[in-house]
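What follows is the residue order along each chain.
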Amino acid sequence: MRCPSSSFLRRGTFIVALLWFCSAFAAALENPGNLNLIPVPSKIAVTEGKFRITEDLAIGAIGEAGARSKKAAARFMERLAGRTGLFFKQDYLAELGPSGSSSFLFKYETPGQLEPFEDESYALTVSPDRILLIAKTDLGVLHGFETILQLMDVDSQGYFIPCLQIDDTPRFAWRGLLIDVARHFMPVDVIKRNLDGMAAVKLNILHWHLTDDQGFRLECKIFPRLHQFGSDGLYYSQDQVRDVIAYAADRGIRVMPEFDIPGHSTSWLVAYPALASAPGPFKIERKWGVFDPVFNPTDENTYRFFDLFFEEMASLFPDGYIHIGGDENNGKQWDSNLEIQQFKKAHNLLDNHALQAYFNGRIQAILAKYGKKMVGWDEIFQPGLPKDIVIQSWRGRQALIDSAQRGYQGILSSGYYIDLCQPAAYHYLNDPISDEVPLKDEEKKLILGGEATMWSELVTQETIDSRIWPRTAAIAERLWSPASVQDVDDMYRRLDAIAVRLEELGLTHFKNQEMMLRRLAGSADIGPLRTILEVIEPLKQYKRHDQGLTYTELSPLTRIVDAALPESKAARLFRKMTDEFLRTNDRKIADALKTQLQRWRANHQLLRPLIKSSPVLSEIEPLSQDLYTVADIGIQALDAILAKTAGDRAWVNESRAACELAKKSKGHAELALIPAVEKLVQATLSR
Ligand code: ACM
């Protein structure tokens, strides 16, 4: 905000000015919680006034600025111009302007290293005529840029940044997103736009799950058969890998590769069957699950192979950590191999866990030789391994606790499996170090943070963004903001705002849905499909796999269930409004609920012709029928509550039974409004 100019006051419009000033002052005292920041900064004080964004906005550095901060400044200006339509005068792609004349100044001391515990803090001061961003490293500057972009707001006079002071630093050093490119390959563009999304919410590590039973997804020079035979031609060249790493580094994000061994390795063994624990040949796996092929941990050729392999990968990936997977080895091939059994006896390895620990130890020594620390899923945990390894807990929080109590570092992913289509609130309240975690302070320090995991069995490049965003922003907040930041309603308010802003980065979480609906309808007439989709969510957990249809790598993921977002906003708001109505009995809320239900009920008739003309939609006919039924029940319940008629038990029982039937999955999806309608039905009894 610029202060009211004297000429403005001189024009005699004092009253208007006073009113305007008062409203500006009131805004200045607004609860910082009304800002759309995600993650919430560690310290924030809103002050008076607004910094107006005009075409004169210019960024300047105080002292030296390296390439990373300059490129980030250019992206910052581009995004701001994109939103505001302003033709900024500064030639921001060239050298940054002289600092004295710039209205936005930044400064940092040293280039940040891309490693855990690097200083990512920043201090931001916005006053009416200047923005000042100070950080220890350029990583902090990058975070500050994102904060300012989130702070951008609008009023009747245009765009502005509210005046404030922020001192911000992350709670956890390791804030990651895993993207599985093995189950469904994700082209470089998908990775890049998600890196932009990660940077926007201050995540700092991409965990790139590059190999699994279904694919070996990067070029290997020393063993080219790996990508030639293990990928169906869908792999990244090493130039592409370097490009992604550089793109991530420009955004302050580490890239940690995962090479999942000794199990989850069919695609490798297609190329090198002699390294398996059972005779080949092997075929690239098309299905999802846990499979038998596993490296032979007793064969020295295995270690010669991995020595050369990791030597190459250690130089390709600059990050200090390499993830070796280590999960879900079912041990069947080990059990049926006589030589492996003899090896176990000879080496006093009592079970397959001990044998895998032996394998892990050998692999860890290879990684250490090439200057890398080992990360693995919680199955790799075995006291005796060096203390610089990192355990990634996925089967439950206990693994994190156990390993921390024995002095090992850990990261949490249990509770952050975003492929399971759980609500954002579920992930949000999953704290790596909750109050119940029975750890001493020193042990708590070993918990480095967490990672959202985007497993790709049921996503393609078309749908993956909608599974990652915006819910991952809620996880990003959990990993960055103080533990006390827990207000779920406020998180949803900010998540709704960031969800829209993330689109400017090319993320497709909303826009692809429309395209998918047009494809399903075979036309641009998708209104009724859009309406039913408002209240549909995909089945949670792994339930989609239990519906009598076997999903494979080749299955189309183009149905309504795939177009549906993991968490229906309309249903969430409907549930909230229902609770509010039942608490207050407010007639206006009841009317709004009823209007909504009438719309959903009426949709069935509108949708039917579309379903008839597009056979791919036939599976949603019963879902649409259910929406009709449930909406109708909701309307009747509201009428009964408002009329204060005594509860009709027979009707309640009938309605409950109908809701139960409607809960049975159709089209691998569920209607997310049913719990709210059930509450309305129940409430008819107590009025
Ligand atoms: C895993 O989800 N198997 C790590």
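Shown above is the structure to which this text applies.
Structural notes, computed from the coordinates. Remember, it's a predicted structure, so these values are computed and weren't measured experimentally. (Residues numbered from 1 in each chain as written. Predicted model: local features only at pLDDT ≥ 70, side-chain atom pairs only at ≥ 80, totals over all residues. Heavy atoms only, no water.)

**A few points about the overall build of the protein chain**
For step 1, the next point in the chain: Scanning the protein chain from N- to C-terminus turns up 26 helices and 19 strands.
For step 2, the next point in the chain: Computed over the C-alpha atoms, the radius of gyration of the protein chain is 28 Å, within 12% of the 26 Å expected from 2.2 N^0.38 for a compact globule of 687 residues.
For step 3, the next point in the chain: Dimensions of the protein chain, computed from C-alpha atoms along their principal axes, come out at roughly 95 × 75 × 50 Å.
For step 4, the next point in the chain: The 687 residues of the protein chain split such that 58% are buried.
For step 5, the next point in the chain: Contacts in the protein chain between residues at least 24 apart in sequence constitute 76% of all its contacts with a sequence separation of at least 6. (Helix = DSSP H or I, 4+ residues; strand = E, 2+ residues; numbered from the N terminus. Rg over C-alpha atoms; globule rule 2.2 N^0.38 Å. Buried < 20%, exposed > 50% of the residue type's maximum accessible area, 1.4 Å probe, protein only. Contact = heavy atoms within 4.5 Å.)

**Side note on the packing of aromatic side chains**
For step 1, the next point in the chain: Counted according to the given criterion, the structure contains 36 aromatic pairs.
For step 2, the next point in the chain: Between Phe76 and Phe145, the aromatic rings sit 5.2 Å apart at their centres with planes inclined by 35°, giving tilted as the arrangement. Placement of the pair is Phe76 in helix 3 (residues 67-84) and Phe145 in helix 4 (residues 138-151), with a sequence separation of 69 residues.
For step 3, the next point in the chain: Ring geometry for Phe106 versus Phe145: centroids 5.6 Å apart, planes at 80°, classification edge-to-face. With Phe106 in strand 3 (residues 104-110) and Phe145 in helix 4, this residue pair connects regions lying 39 residues apart in the sequence.
For step 4, the next point in the chain: What makes Phe106 buried here is its relative accessible area of 1%. (Phe/Tyr/Trp six-rings, centres within 6.5 Å; stacked < 30°, edge-to-face > 60°.)

**Regarding the nonpolar core**
For step 1, the next point in the chain: Of all hydrophobic cores here, the largest spans 99 residues; its most connected members are Trp208, Phe306, Phe309, Phe310 and Phe317.
For step 2, the next point in the chain: Those residues within four positions of Phe317 in sequence are excluded, and the remaining contacts are Trp208, Leu210, Leu218, Val241, Ile245, Val255, Pro257, Phe259 and Lys372.
For step 3, the next point in the chain: Counting residues in hydrophobic clusters, the runner-up holds 49 residues, among them Ile532, Val561, Ala570 and Leu671. (Core = buried A, V, L, I, M, F, W, Y, C linked by side-chain atoms within 4.5 Å.)

**A look at empty space enclosed by the protein**
It is a probe the size of a water molecule, rolled over the atoms, that shows where empty space is left.
For step 1, the next point in the chain: Summed over the entire model, instances satisfying the criterion amount to four cavities of 30 Å³ or more.
For step 2, the next point in the chain: In terms of lining residues, the largest cavity is bounded by 15 residues, among which Asp419, Leu420, Cys421, Leu458 and Gln541 are the most central. (1 Å grid on protein atoms, 1.4 Å probe; cavity = no way out; pocket = protein on both sides within 12 Å on 5 of 7 lines; lining within 4 Å. Points joined across faces, edges and corners; volume = space filled by probe spheres on them.)

**Description of the packing of helix 24 (residues 621-643) against helix 25 (residues 649-663)**
For step 1, the next point in the chain: Two elements in contact, helix 24 and helix 25, have axes whose closest approach is 10 Å; the angle formed by their N-to-C orientations is 150°. On the basis of their axis angle, the class for helix 24 and helix 25 is roughly antiparallel. Where helix 24 crosses over helix 25, the handedness of that crossing is left-handed. Across the interface between the two elements, Asp626, Thr629, Val630, Ile633, Gln636 and Ala637 from helix 24 touch Trp651, Ser655, Ala658, Cys659, Leu661 and Ala662 from helix 25.
For step 2, the next point in the chain: Considered class by class, the residues forming the contact of helix 24 with helix 25 number eight nonpolar, three polar and one charged. (Axes fitted to C-alpha atoms, helices over the stretch in contact; angles between N-to-C directions. Parallel < 35°, antiparallel > 145°, perpendicular 65-115°, else oblique. Left-handed = near helix turned anticlockwise from the far one by under 90°. Nonpolar A, V, L, I, M, F, W, Y, C, P; charged D, E, K, R; others polar.)

**A closer look at the sheet that holds strand 8 (residues 174-180)**
For step 1, the next point in the chain: Strands sit in the order 8-9-12-13-14-15-16-17 around a closed barrel of eight strands; the barrel is parallel. Across this sheet, the average inter-strand angle for adjacent strands is 30°, counted without regard to direction.
For step 2, the next point in the chain: As paired elements, strand 12 (residues 254-261) and strand 13 (residues 321-325) share two bridges and run parallel to each other. Note that in strand 13 the partner of Glu258 across the bridge is His323.
For step 3, the next point in the chain: The sheet contacts of helix 12 (residues 352-369) involve strand 12, strand 13 and strand 14 (373-377), and relative to strand 13 the element is tilted by about 160°.
For step 4, the next point in the chain: Strand contacts of helix 17 (residues 471-480): strand 8 and strand 17 (447-454), with the helix running at about 150° to strand 8, the strand carrying the most contacts. (Pairing = 2+ DSSP bridges.)

**Describing the pattern of salt bridges**
For step 1, the next point in the chain: Summed over the entire model, instances satisfying the criterion amount to 49 salt bridges.
For step 2, the next point in the chain: Taking the shortest distance from any N to any O, the salt bridge between Lys221 and Glu219 comes out at 3.3 Å.
For step 3, the next point in the chain: A salt bridge links Asp319 to Arg254; the nearest nitrogen and oxygen atoms lie 2.8 Å apart. Of this pair, Asp319 sits in the loop between helix 9 (300-316) and strand 13 while Arg254 sits in strand 12; the two residues are 65 residues apart in sequence, bridging distant segments of the chain.
For step 4, the next point in the chain: Residues joined by salt bridges that share partners form a network here, namely Arg79, Arg83, Glu146 and Glu504. (Salt bridge = Lys/Arg side-chain N within 4 Å of Asp/Glu carboxyl O.)

**Quick word on the pairing of strand 4 (residues 122-127)**
For step 1, the next point in the chain: Sheet topology places strand 4 next to strand 5 (residues 130-137); six bridges connect them, and they run antiparallel. Bridging from a neighbouring strand, Leu124 pairs with Leu133 of strand 5.
For step 2, the next point in the chain: Counting the residues that bridge the hairpin from strand 4 to strand 5 gives two residues.

**Here we look at the pairing of strand 12**
For step 1, the next point in the chain: A large share of strand 12 lies buried, amounting to eight of its eight residues.
For step 2, the next point in the chain: The alternating pattern of strand 12 places Arg254, Met256, Glu258 and Asp260 on one face and Val255, Pro257, Phe259 and Ile261 on the opposite face, and all of these are buried.
For step 3, the next point in the chain: Looking at chain direction, strand 9 (residues 205-209) and strand 12 are connected through five bridges and run parallel. Paired with His209 across the two strands is Glu258, which belongs to strand 12.

**Observations concerning helix 9**
For step 1, the next point in the chain: Here helix 9 contains 17 residues, and its C-alpha end-to-end distance of 25 Å stays within 8% of the 24 Å for a straight helix at 1.5 Å per residue.
For step 2, the next point in the chain: Of the positions making up helix 9, those classed as buried are Thr302, Tyr303, Phe305, Phe306, Asp307, Phe309, Phe310, Glu312, Met313, Ala314 and Leu316.
For step 3, the next point in the chain: Of the residues that open helix 9, the one with a side-chain oxygen 2.8 Å from the backbone nitrogen of Asn301 is Asp299. (Expected span 1.5 Å × (residues − 1). Polar contact = N/O pair within 3.5 Å; in protein donor to acceptor, adjacent residues only side chain to side chain.)

**Regarding the environment of Ala424**
For step 1, the next point in the chain: Mapped onto the elements, Ala424 comes out in helix 14 (residues 424-428).
For step 2, the next point in the chain: Classification of Ala424 by relative accessible area gives buried; the value is 0%.
For step 3, the next point in the chain: Sequence spacing of Ala424 and Leu495 is 71 residues, and the spatial spacing of their C-alpha atoms is 9.0 Å.

**Some points on unusual backbone geometry**
For step 1, the next point in the chain: Here the bond from Ile261 into Pro262 is cis, since omega is 0°, no more than 30 degrees from zero.
For step 2, the next point in the chain: For Pro262, the location among the structural elements is in the loop between strand 12 and helix 8 (266-271).
For step 3, the next point in the chain: Note that the residue after Trp469, namely Pro470, is joined by a cis bond; omega there is 0°.
For step 4, the next point in the chain: If you trace the backbone, Pro470 turns up in the loop between helix 16 (464-468) and helix 17.
For step 5, the next point in the chain: One non-glycine residue, Asn585, lies in the positive phi region at around 60°.
For step 6, the next point in the chain: If you trace the backbone, Asn585 turns up in the loop between helix 22 (569-584) and helix 23 (587-613).
For step 7, the next point in the chain: Given a relative accessible area of 34%, Asn585 falls into the partly exposed group.

**Looking at the environment of Val500**
For step 1, the next point in the chain: Within the fold, Val500 resides in helix 18 (residues 488-501).
For step 2, the next point in the chain: Residue class for Val500 comes out partly exposed when judged on its relative accessible area of 48%.

**Some words on the side chain of Thr578**
For step 1, the next point in the chain: Within the element layout of this structure, Thr578 appears in helix 22.
For step 2, the next point in the chain: A relative accessible area of 0% means that Thr578 is categorised as buried.
For step 3, the next point in the chain: Those residues in contact with Thr578 that lie beyond four places of it in its chain are Leu593, Ala676 and Leu680.

**Focus: the packing of helix 11 (residues 338-346) against helix 12**
For step 1, the next point in the chain: Where helix 11 contacts helix 12, the two axes come as close as 11 Å, and the packing angle between them is 85°. Between helix 11 and helix 12, the crossing angle belongs to the class labelled roughly perpendicular. On helix 12, the residues that touch Ile340, Phe343 and Lys344 of helix 11 are Asn352, Leu355 and Tyr358.
For step 2, the next point in the chain: Its residues assigned to classes, the contact of helix 11 with helix 12 comprises four nonpolar, one polar and one charged.

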